[in-house]
Amino acid sequence: MSDTRKVTLKTFRFNAETDYLPYYKHYELEVGKDELMLDLLNRIKWEHDGSFSYRRSCRHGICGACGIKVNGKATLACKQNALELVELFGDELLIEPQSKKRVVKDMIIDKKDFWDKHAEVKPYVVAEIDPHPEHETKQSIEEFNKFLDADLCIQCGSCHYACPAVEVNEDFLGPAAFTAAYRFTVDTRDEAGKERLELTSQMGPGVWDCVKCYECAEACPKEINPIEKITKLHNMQFEQGVAVPNVATRHAEGFLRGMKKYGLLDEADIVSYSEGYLGMYKHLKTALKMLKAGKIHWHSGVPFINSVPKIKHLDEVQKLIKISQTNKL
Amino acid sequence: MSKLKYALFTGCTAKQSTPELLSSTLAVAQKLGIEITILEEASCCGASHLQDFDEFLAHVLNARNICYAEKLGLTMITICNTCQLNSAMTKHALDTDPELKARVNEKLAEVGLEYKGTSEIKHFLYCLIDEYGLENIKEKVKVPLSHFNIAPFYGCHNIRPSELHHNANGGENPYNPTSLDQLIEALEGNPVNYDHKNKCCGFHVELQANHTSEVLAGNAMVDAIDNNADLMVTPCPLCHLKMDTYQDDIGHVIGRDVELPVLHMPQMVALALGCTEKEIGLNFHVQKATHLYSETA
Ligand code: SF4
Ligand code: SF4
Ligand code: FES
């Protein structure tokens, strides 16, 4: 069997200075088993069309410049073997920039929003430093391990431009900024932790607007799992008393109310508890529709009151909550 | 084929706002000769929210659920993507972190339980496809769904993060999932191809970020409608709730009429297997869906 495959590359083309609309150009290449996506981008530029534009720098998966999307999958061009993608998607590869609405030229996008949001979380150690210290600041292995892998982020933007919350909500800081916020907040040398936790607890920009789609975990070429860091930030907000009672925090904490009583989430209670009784009016229309369809029902004879069946051995759940709960609102 | 036996983790939703999910699941299992034991001891999985409040507690409670499947010596099956992910995340965390497993087991010992890690956790969709087999399902089809264009909506938590699911979802490609499409084909329906089939429905921020939630659901529904879907099908009751219950609001936010029946995956299978109207429970939908039953008749 030959080591090469014929692959069609469908490349997104747009020059913000001269084009009114984007278009796609197709290239057929014979692709070898060791070729990376970046090799293919180079071949298009060097052998077919010198105007084709993309970013590249280190070629070692550490500068973050070469992020693109291939068939919708966030990809670091210099790290990604091309035939592996052919395995995944077949022999037509759709090469697009990370975010089509931010394109400057072809694969090159304006990442200003990414860098602004990154800067907003103070992605550096904030500390009063003695300019002439007697000895260096040491960290134990345990302290270092708290970073998890967040320190390995190369700011490629793959997660950020894969995130649907970033796409819809322009205030949302996004998974890379949260990863950085986590990284520096758990650093024992840092003194701005509380400030970062407060920033990331705000409704709109903060972690509570994450839709939990796990696109960021899937997208990251360094396998950093940003949503894992988001969960840690959530927990730290409660641990450090930064979390204030609001619809989001009560929604997270409120699960325990139903679980203590029935072992199960009380669907009606969680809405009224999270929103507060005044906020409930927003949901009246939906509640009526659900009631009509039989989606709200009750076991005690009265809607919303004791409407949930109890699990078997509920006492175990009650006891486990009592002895294992570490946070409070 | 030897008889398949599973321990069913129903999750909260199938016991409350989507009773049709439970009844259609049980009906499908019965028609296919799959033996189901409901885990009546199981508690809520935390629905990806409890973990934000207290991750350790969420692990303890999820581990307890898995203990009951282990006691029966059965694979634990789920009928909700989020239950699947939360349970699988706890299993993964405990199976790869001995220190965490010891801390969790210390708590479980207080109620006489021990998490061992012996039970697999799988969504019913993948049991049907990977264990029962599409060929076997094809043979049982009584009512082909050939006059329906069906939009598969996969939901996030069955397919991402793919690393975590690989042993449980047959290596589904999260960028181009095919399991539901294959199932639709096996039932002789016409799968609709549309870009948003693997995107997020926005359910989890319905309360705190309503606009984001409606836009995400709307984008997917409009994409399906524009590709001629007669109905949508999903393996996740939370996607179902978002997309079935909020169609008015979604339409209002995105400025377009949105009307599309959204079926649970087992309801679709139950339709094709010729289960009764009551078992399928299409009357429990906010967006009218009962006509689908008469159209197959
Ligand atoms: S999980 Fe949250 S942060 Fe990650 S991509 Fe989805 S919405 Fe964005
Ligand atoms: S977390 Fe991963 S995907 Fe996101 S910017 Fe950093 S390296 Fe890139
Ligand atoms: S060129 Fe630096 S990461 Fe690819």
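Per an unreviewed UniProt entry, chain B goes by CoB--CoM heterodisulfide reductase iron-sulfur subunit B family protein and derives from Sulfurovum indicum.

With an unreviewed UniProt entry as reference, chain A is termed Fumarate reductase iron-sulfur subunit, source organism Sulfurovum indicum. Quoted verbatim from the Subunit (unreviewed entry) field of the UniProt record, the comment on chain A reads "Part of an enzyme complex containing three subunits: a flavoprotein (frdA), an iron-sulfur protein (frdB), and diheme cytochrome b (frdC)." Annotation of chain A in UniProt includes, under Sequence similarities (unreviewed entry), the sentence "Belongs to the succinate dehydrogenase/fumarate reductase iron-sulfur protein family."

Points about the interface of chain B and chain A
Taken together, the contact between chain B and chain A spans 69 residues of the former and 68 residues of the latter. Together, Phe53(B), Tyr175(B) and Leu207(B) form the three largest contributors to the area buried by chain B at its contact with chain A, with a combined 15%. The salt bridge partner of Asp52(B) is Lys212(A), with a shortest N-O separation of 2.5 Å. Applying the counting rule to chain B against chain A returns 28 residue pairs in polar contact (both at pLDDT 80 or more). Counting residues per element, the ones that place at least two in the side of chain B that touches chain A are helix H1 (19–32), helix H2 (50–53), helix H3 (55–72), helix H4 (81–96), helix H5 (98–109), helix H9 (210–226), helix H10 (237–245) and helix H11 (247–254) of chain B. With seven residues, H3(B) is the largest single contributor of residues to the side of chain B that touches chain A.

Digging into the layout of surface pockets
Gaps between atoms show up when a probe of the same size as a water molecule is rolled over them. Volume-wise, the second largest pocket comes out at about 1,100 Å³. As for the second largest pocket, its lining consists of 31 residues, of which Lys69(A), Gly72(A), Glu96(A), Asp195(B) and Lys199(B) are closest to the centre. Those elements giving two or more residues to the lining of the second largest pocket turn out to be strand E5 (92–96) and helix H5 (164–168) of chain A together with H9 of chain B. A breakdown of the residues in the lining of the second largest pocket according to their chemical character gives 13 nonpolar, nine polar and nine charged.

Notes on the site of ligand 1
Residue and element names in this part refer to chain A. The environment of ligand 1 is formed by Cys163, Ala165, Pro175, Cys210, Val211, Lys212, Cys213, Tyr214, Glu215, Cys216, Ile227 and Ile230. Among the secondary structure elements, those contributing two or more residues to the shell around ligand 1 are helix H8 (215–219) and helix H9 (226–239). Broken down by class, the residue content of the shell around ligand 1 amounts to ten nonpolar, no polar and two charged.

Concerning empty space enclosed by the protein
Enumeration according to the criterion identifies four cavities of 30 Å³ or more in this entry. There is about 760 Å³ of room inside the largest cavity. Around the largest cavity, the lining is made up of 41 residues, and of these Glu267(A), Ile270(A), Val271(A), Phe203(B) and Leu241(B) lie nearest the centre. Listing elements by their share of the lining of the largest cavity, those giving two or more residues are helix H12 (267–279) and helix H13 (284–293) of chain A together with H4 and H10 of chain B.

Reading the values: the criteria
Residues numbered from 1 in each chain as written. Chains lettered and ligands numbered in written order. Predicted model: local features only at pLDDT ≥ 70, side-chain atom pairs only at ≥ 80, totals over all residues. Heavy atoms only, no water. UniProt positions renumbered as here; feature names shortened; annotations may be inferred. Contact = heavy atoms within 4.5 Å. Buried area = accessible area lost by both parts, 1.4 Å probe. Salt bridge = Lys/Arg side-chain N within 4 Å of Asp/Glu carboxyl O. Polar contact = N/O pair within 3.5 Å; in protein donor to acceptor, adjacent residues only side chain to side chain. Helix = DSSP H or I, 4+ residues; strand = E, 2+ residues; numbered from the N terminus. 1 Å grid on protein atoms, 1.4 Å probe; cavity = no way out; pocket = protein on both sides within 12 Å on 5 of 7 lines; lining within 4 Å. Points joined across faces, edges and corners; volume = space filled by probe spheres on them. Nonpolar A, V, L, I, M, F, W, Y, C, P; charged D, E, K, R; others polar. Near = heavy atom within 4 Å.

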